[in-house]
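Report on the structure
Read off the chains here:
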Amino acid sequence: MRLSRRALLQLALAQASIQAWGSSSGATGGHTSAALVVCDGRWAQSREFAALSGRAVVDVAQEQLHGWRRMRAWSGQGPVVGLTLWSEYLQVRGLLESRGLRLRREMRSGSLIHWELA
Amino acid sequence: MIAPTAAAWRDFRAAIGPEWVLTSEEDRGTYSDHFAADESRHRPAGALAPADTGQVREIVRIANRHRVALWPISRGKNFGYGGPAPVVAGTVVLDLSRMKRITVDADNGTVLLEPGVGFFDLYDHLQANHIPLWLSVPGNSWGSVAGNALDRGVGYTSYGDHAARICGLEVVLPDGDLVRTGMGAMSGSPTWQLYRNGFGPGWDSMFCQSNFGIVTALGLWLMPEPEAVMGYDYEFDRPEDLGWVIDTLMPLRREGIIQQSPSIGNWLRSAAVMTTRQQWTHDKGPLDEKVITAIRERFKIGWWGVQIRCYGRQEIAEASVRVLDRAFAGKPVLARKPAHWVRGDPPEGSPFTGVPITFPLANANWHGGRGGHIGYSPVLPPRGDLALDQFHRTRALYEKYGLDYHASFALGERSVVNVNQLLYNKDDPDMMSRVDAMFRALVADATEHRYGEYRTHIEYMDLVAATYDFNDHALLRLNERVKVALDPNGILAPGKSGIWSRRT
């Protein structure tokens, strides 16, 4: 897998951001890490983001093909972070909000959206 | 109508439990329209999430007492029409998504659903219980089965006119009274989901796209798993092919040879869900012929494409396909790909066999970043020449307003619905102003030809309602007389479908 310089910079920003978010205990109930990471396997930047997280990962590209089974079955507790396209983010966001999670952060990262719900 | 007072919130908490009264800023964001450039424009004051019909009735009584406006949603996934957001900012969303009871009558092919049941939920239920009934799913299966039918949503199979499959409702009226329609008006009736008309006037369609009541249970007919599904994916090379294709298909539609609602869509329908615009061009203007050609070559598609499916016993499906063959014989079809599934084959996996999908939502990614879409869908007579004329006029508007042409023509039994999708980047103020101007231009153009829209976004409900102007807007006046009679305090969904109570 090859990443462009631009993608690497965006990835570095996203990584820094996820660490900063994870330690922003006031807004997220004191957690220091995400319980689940959501990526989009069609995007190198997102795959890298997930690989470096060391957390449980759900790939929305696969979920689209399989009726969102993993995401719908996920019953973990704690914050969920993602680096996905806008539409997929909104879909996951809606699912997680129906379970009581709420949006903490949302920001553009190139073509993707970097987001956190807790 | 006034903003909910502290006393109102207190009463709501007492009625349904404090954890289901949602008033934080994050909660209000949850129930906003995420496709909107300015989400605050329709942001609610909060949300209430009752567990059952009894709690809905109690909420309605409290709302009347405190004059609190409620905006009922089933699951709030009506993307492109406002999602969960109300017409009037400050309204309280009544979120019915916790109500998820499913009662299937497998022998008769019916289901009684609460509004929180999504297409995935019902699909899982049928699969887990090995019930040989199929769903008709829309392009966004996150939504509510009941809510979609009540909003007159459509699906891919021969049961795709969802409102037409409704059989019996349970409704909380704006004063908190509880009604069952059709045969359900008789206590313990075994035919509530079997016979639609009941006795005397029928009320079911009165609760579609309306603000006259809160539907807490909906009966729906489901399609028995067919023995076979057969047909073709057709591609057509030229924009002008639209006319003769419609004239070829409509007789088959009227005869019942084709029982689903085929949707003839242009090349962008595929490109917008599988790619982003910047993968094709960095030019901001409408896509030129070079780009259109590249998209068509990449996906091996025509200017238009349509997927036809015939359902039923195998010999009948085969015979229907032979009729299709004869209908298209000698006509300039660019490509034709057969589709063939018979019982016993591996699952086909598409919405044409009732499998829930979400991939069409990806067209919100077309412009990159934070996108969205809004649709304008007038209803036309089922004639190819009229559809072609509609195409030329609306495409000219897309060009004028600098937007990418994304449209389809869905064939009903006696009509054609022209779905015009306006894809946008909500962070581009210039584009958003053009989207609004173009929507209004589409309404004006269709109205000039006396075509009305079948369903619309919360932002434009008054605008579209005003186009139904026979006898000085007699239908709107009737709706408002009913509204005032049923909901004198105007607590229920003010502004839905352009219907307001005088006291709102």
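Before reading on, note that the structure itself is shown above.
A brief look at the structure comes next. Per chain, residue numbering runs from 1 following the sequence as it is written. In the order they appear in the text, chains get letters beginning with A and ligands get numbers beginning with 1. Only residues with pLDDT of at least 70 get local features here, since the model is predicted, and only at 80 or more are side-chain atom pairs given and counted; chain-wide, interface and lining totals rely on the full set of residues.

1. Notes on the overall build of chain B
Inclusion rule: Numbering of helices and strands runs from the N terminus, with a helix taken as a DSSP run of H or I at least four residues long and a strand as a DSSP run of E at least two residues long. Based on C-alpha atoms, the radius of gyration is set beside the globule rule, defined as 2.2 Å times the residue count to the power 0.38. Three exposure classes are used, all based on how many other C-beta atoms lie within 10 Å of a residue's own C-beta (placed from the backbone): buried at 20 or more, exposed at 12 or fewer, and partly exposed between those limits. We call two residues in contact if the C-beta atoms placed from their backbones are at most 7 Å apart.
Along chain B, the regular secondary structure elements total 13 helices and 19 strands. The C-alpha radius of gyration computed for chain B amounts to 23 Å, which stays within 12% of the reference 23 Å derived for 504 residues, consistent with globular compactness. Here chain B holds 504 residues, and the buried ones make up 51% of them. Across chain B, the fraction of contacts at a sequence separation of at least 24, relative to all contacts at a separation of at least 6, is 73%.

2. Some words on the sheet that holds strand β4 (residues 92-95) of chain B
Strands belonging to one sheet form pairs held by backbone hydrogen bonds; the direction of such a pair is parallel or antiparallel. Residue and element names in this part refer to chain B. Put simply, the rule is: A pair of strands is labelled paired if DSSP reports no fewer than 2 bridges between them.
Read from one edge to the other, the open sheet built from four strands follows the order β1-β2-β4-β3, with strand pairing classed as mixed. Two strands in the sheet have a free side with no partner beyond their single neighbour: β1 (21-22) and β3 (70-73). Relative to strand β2 (residues 46-48), β1 is paired through two bridges, and the arrangement is antiparallel. Among the inter-strand pairings, Leu22 is bridged to a residue of β2, identified as Ala47.

3. Looking at the pairing of β4(B)
Residues and elements named next belong to chain B. Here β4 shows two buried faces, one formed by Val92 and Leu94 and the other by Val93 and Asp95. Where β2 lies against β4, three bridges are found, and the strand directions are parallel. Along β4, the bridge assignment pairs Gly46 with Val92. Here β3 pairs with β4 via four bridges, running parallel. Bridged to Trp71 within β4 is Val93.

4. Topic: the nonpolar core
Put simply, the rule is: A set of buried residues drawn from Ala, Val, Leu, Ile, Met, Phe, Trp, Tyr and Cys, joined through C-beta atoms within 7 Å, is what defines a nonpolar core.
Counting 124 residues, the largest nonpolar core has Leu70(B), Val92(B), Leu94(B) and Leu220(B) as the members making the most contacts within it. The element best represented in this core is helix α11 (residues 429-448) of chain B, accounting for seven residues. Apart from the residues within four sequence positions on either side, Val92(B) is in contact with Pro4(B), Pro44(B), Ala45(B), Gly46(B), Ala47(B), Leu48(B), Val68(B), Ala69(B), Leu70(B) and Trp71(B). In terms of nonpolar packing, the next biggest core, distinct from the first, is built from 32 residues, Trp86(A), Tyr89(A), Leu96(A) and Ala364(B) among them.

5. Structural notes on the environment of Leu423(B)
Residues and elements named next belong to chain B. Locating Leu423 in the fold gives a position in strand β19 (residues 416-425). Given 21 C-beta atoms within a 10 Å radius, Leu423 is considered buried. A C-alpha to C-alpha distance of 7.4 Å links Leu423 and Gly371, two positions 52 residues apart in sequence. Dropping the residues within four chain positions of it, Leu423 is found in contact with Ala272, Asn363, Trp366, His367, Gly371, His373, Asp404 and His406.

All quantities given are derived from atomic positions and should not be read as evidence of function.
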